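Residues per chain are reported as follows:
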Amino acid sequence: MTLDWLVGGLYLLLAIFVVLHAASALRVYLGASERRPRNVSDELRQPSAKLAQLLGALALVGFRRLGETEVSLPDTSLFGPVLRRERRHTIWLLVDGPGTTMAAAVEPGPLVSFETWLADGSVLQTTHPFGETLDAAGLTARVVRSSPQAAYDEHRRLLDERADAHGAPDGVHSVGDHLRHDATYRERHGRRYLRKSLLLRQLLPAALAMGAILLALYLTVAGGAGQ
């Protein structure tokens, strides 16, 4: 019986671990509207080799450096939720030749998000290699998995389609311009963009894992009590 209770205790610890991870993901979601990056451009941070390749590929299609920002997020790594740590993420910002589409590149991935704000306040967002597809009031989001070049080409195509209905793109001339747009994006669309990922990739797997753990815990305890 002692072994059964020991196994049951391990199941209980695993259940707590799953709950903490789900709670950490929920904190990322709930804080999306209020979270604000800070400008760290004067620190001239260096990207990893893999991210540098992505930045080089963007330079080849006409993007130039705008600056860098940093945002702190709840740590969702293995033991991060247990320790309630925050993890800092650097975002490398570039702008295209016309100065109307910004590229935000981050790790892991690395991931790049092309973003253009239009005259009526709506935003067009295209990400590579992962992200969300979304059509909502004021936000059109697409994901292109093949290459950064293909993602940018698709972004420009969608931009041309929407120019007549939504007006000309707003210019992005500084990190300050980006931070103003970013604050508006987070207030209007931050949670909406993360909602599907939270439900399908975080909460649903956590609920299924909890169900399996609790069933195993019940069977272990019931089996031990019956002996």
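About the thresholds
Residues numbered from 1 in each chain as written. Predicted model: local features only at pLDDT ≥ 70, side-chain atom pairs only at ≥ 80, totals over all residues. Heavy atoms only, no water. Phe/Tyr/Trp six-rings, centres within 6.5 Å; stacked < 30°, edge-to-face > 60°. Helix = DSSP H or I, 4+ residues; strand = E, 2+ residues; numbered from the N terminus. Buried < 20%, exposed > 50% of the residue type's maximum accessible area, 1.4 Å probe, protein only. Pairing = 2+ DSSP bridges.

Trainee: Even after reading the chapter, I still don't get the packing of aromatic side chains, so can you show me in this structure?
Mentor: Centre distance and the angle of the planes are the two values used to describe a pair of aromatic rings. Within the structure shown, the criterion is met by three aromatic pairs. Aromatic pair Phe63 and Tyr152: ring centres 4.9 Å apart, planes at 70 degrees, arrangement edge-to-face. You can see Phe63 sitting in the loop between α2 (49-60) and β2 (64-74) and its partner Tyr152 sitting in helix α4 (residues 148-166), a full 89 residues away along the chain. Phe63 sits in the buried class, given a relative accessible area of 5%.

Trainee: I tried to follow the pairing of strand β4 (residues 102-106) on my own but got confused; where do I start?
Mentor: If a strand is regular, its side chains alternate between the two faces of the sheet. Counting buried residues along β4, five of its five residues qualify, which places the element largely inside the surrounding structure. Pairing analysis gives four bridges linking strand β3 (residues 86-95) to β4, with the strands arranged antiparallel. Within β4, the position partnered with Trp92 by the bridge is Ala105. Adjacent in sequence and paired antiparallel, β3 and β4 are bridged by six residues, among which Gly99 carries a positive phi angle near 75 degrees. Pairing of β4 with strand β5 (residues 111-117) involves five bridges; the strand directions are antiparallel. Within the sheet, the bridge partner assigned to Ala103 lies in β5 and is Phe114. Linkage of β4 to β5, two consecutive antiparallel strands, is achieved through a turn of four residues, within which Gly109 is found at a positive phi near 135 degrees.

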